[in-house]
Amino acid sequence: MKKLINSPDTVVSDALAGIKAAHPSLSVYLENKVITRAGSPVAGKVGLVSGGGSGHEPLHGGFVGYGMLDAACAGEVFTSPVPDQMLFATKAVDGGAGVLHIVKNYTGDVLNFQMAAELADDEGIEVVSVVVNDDVAVLDSLYTAGRRGVGATVFVEKIAGALAERGASLAEVAAVAAEVNERTRSFGVALTSCTVPAAGKPTFDLADQEIELGIGIHGEPGRTRAPLQPAHDIVATVMDAIHADLPLEGDLLVMVNGMGGTPLLELYLAFNEVTQYVSGHGARISRNLVGNYITSLEMQGFSVTVCRLTDSLADLWDAPVETPGLRWGR
Amino acid sequence: MDAEFFRAWIAEIATVIEAQRDHLTQLDSAIGDADHGTNLARGFTAVRAALADADTPTPGSVLLLTGSTLISKVGGASGPLYGTAFRRAAKAVGDKPELDLPALAEALQAALAGVTKLGAAVEGQKTMVDALAPAAAAFSQAVADGAAPAEAFAALTDAADAGAHNTIPMQALKGRASYLGPRSVGHQDPGSASTALILHALRDVAARQSA
């Protein structure tokens, strides 16, 4: 697998240096591998901190800015960041109104953020954590580490970010984050695996005529293997899985997200299939995102994330945002 | 077993983990995200460097610095879990200048208790606990039975190896492998493999010392 890198050991550092150079609206701390809004903290505003392994860009660093995150911690590729980073980020964005930790539901992320929250508490900073766990591909929470946090993370960061920007309290911002998580479900499909730079080869093998259903975002195998089939049929499988868990009705926010290696041409094609499925079920897509938002290096594949909107959630979604990864209204 | 012994153990872990890095990554590719070998190698390399710079006069201080450095450097689930294991072991041994076999047995039990509390895993869920729990139990038993050091350490690693091997037919109920459900069956858990390596390093350092 050809990669545009200098060496596997320096991928994250080299990329962060590029992010720093590209975006003057961000403060990029290269030693700590933390990205914050330039001029942080925003006094009197709840600070939003998230983070995770690198390799999912634009998530999370690309969502730091007005109307969304205040800070993002970058771990090694597909590895959660460490408590030191999270504490550094939390202190950097604490504007006196408390800090929200947005935590994707993976054992590593959960444990490290837990430790960080304790350390922040020791320093007198009020931290509330919200765990995102929208992936319907993980069947049974009782016998697993629980549902993975995937596409809903983007929705949570945007909507909670908007509410924080309006001066809401930590409790209110945390509540809306939890509400978005509750109302959102996702399912992903891979056409290829991906190659972690340090590993040097794909994490798993998929033959030419095979796809992997129910994937996460770390290149690991999914729920089942299936034959390659028309997009129409793949989308039906994806949407059936979501609909079985969260019946599609009313106004929906839908994201068709590329895993990194799938062209926009194909993502729009898939979105067309999604719109037909949704109207076939009597619901309406009132807001959408199509593109690469929460990726898995160069994996070919896509995920669909659906949120059942309320008027107030839609209003928060529409609120201005100015980040490298998402920008409207400003 | 004094501070020097424990520094030697950590150095041996770093060497062994680096040597087995690809193997651990391989295990973690089958049922994970292919970063276990890389993460632990980075962590223990950092620990070795930290110990070279720091003043660690007691076994407890070596274990504490090890645990804290792992938490700061490894990330993922392994960082907090191994970090807590070493930190709890440090707490159990306090500031004793030297440890005898019973003290080491207590430290291993404390490490296990820390891991199970943090990760909420029990035996049979296809995790590092499947190597660490039987190993700590076997070591404690051997020590209680008055075994000589060589025998006690053999019991430790035999149990760890068997435990790690026994994860193969298990379905993962914790961690990233659990997302695969039944597909995780037939693959060894990477955390149990790295635990076995760490305990082998302990046995090898003990064997060298008494040689």
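Up top you'll find the structure we're talking about.
For clarity, every value in this text was computed on a predicted model and none was experimentally measured. (Residues numbered from 1 in each chain as written. Chains lettered and ligands numbered in written order. Predicted model: local features only at pLDDT ≥ 70, side-chain atom pairs only at ≥ 80, totals over all residues.)

Considerations on the nonpolar core
Now for step 1: Counting residues in each nonpolar core, the largest one holds 182 residues, and the members touching the most others are A:Leu100, A:Ile159 and B:Phe139.
Now for step 2: Looking at this core, the element that brings in the most residues is helix α7 (residues 129-144) of chain B, giving 10 residues.
Now for step 3: Among the domains, domain 1 (11-182) and domain 2 (184-309) of chain A are the pair contributing at least three residues each to this core.
Now for step 4: With residues near it in sequence (within four places) discarded, A:Leu100 still touches A:Val46, A:Leu48, A:Val49, A:Val128, A:Val130, A:Ala160, A:Leu170, A:Val173, A:Ala174 and A:Ala177. (Core = buried A, V, L, I, M, F, W, Y, C linked by C-beta atoms within 7 Å. Buried ≥ 20, exposed ≤ 12 C-beta atoms within 10 Å, placed from the backbone. Helix = DSSP H or I, 4+ residues; strand = E, 2+ residues; numbered from the N terminus. Domains from an automatic or database assignment. Contact = placed C-beta atoms within 7 Å.)

What to know about the sheet that holds strand β11 (residues 284-291) of chain A
Residues and elements named next belong to chain A.
Now for step 1: Taken in spatial order, the 6 strands of this open sheet run β9-β8-β7-β12-β10-β11, and their pairing is mixed. Of all strands in the sheet, those bounded by a partner on one side alone are β9 (224-227) and β11. Going across the sheet, the axis of each strand differs from the next one's by a mean of 20 degrees, ignoring polarity.
Now for step 2: Alignment of strand β7 (residues 184-190) against strand β8 (residues 210-213), held across 2 bridges, turns out to be antiparallel. Across the sheet, residue valine 189 finds its bridge partner in β8, namely leucine 213. (Pairing = 2+ DSSP bridges. Axes fitted to C-alpha atoms, helices over the stretch in contact; angles between N-to-C directions.)

Description of the sheet that holds strand β2 (residues 34-37) of chain A
Residues and elements named next belong to chain A.
Now for step 1: As summarised here, the arrangement of the 6 strands in space is β1-β2-β4-β3-β5-β6, forming an open sheet in which the pairing is mixed. Every other strand in the sheet has two partners, leaving β1 (26-29) and β6 (127-132) as the edge strands with one partner each. The average undirected angle you get between the axes of adjacent strands in this sheet is 20 degrees.
Now for step 2: Along the sheet, helix α5 (residues 170-182) makes contact with β5 (99-104) and β6, crossing β6 at roughly 5 degrees.

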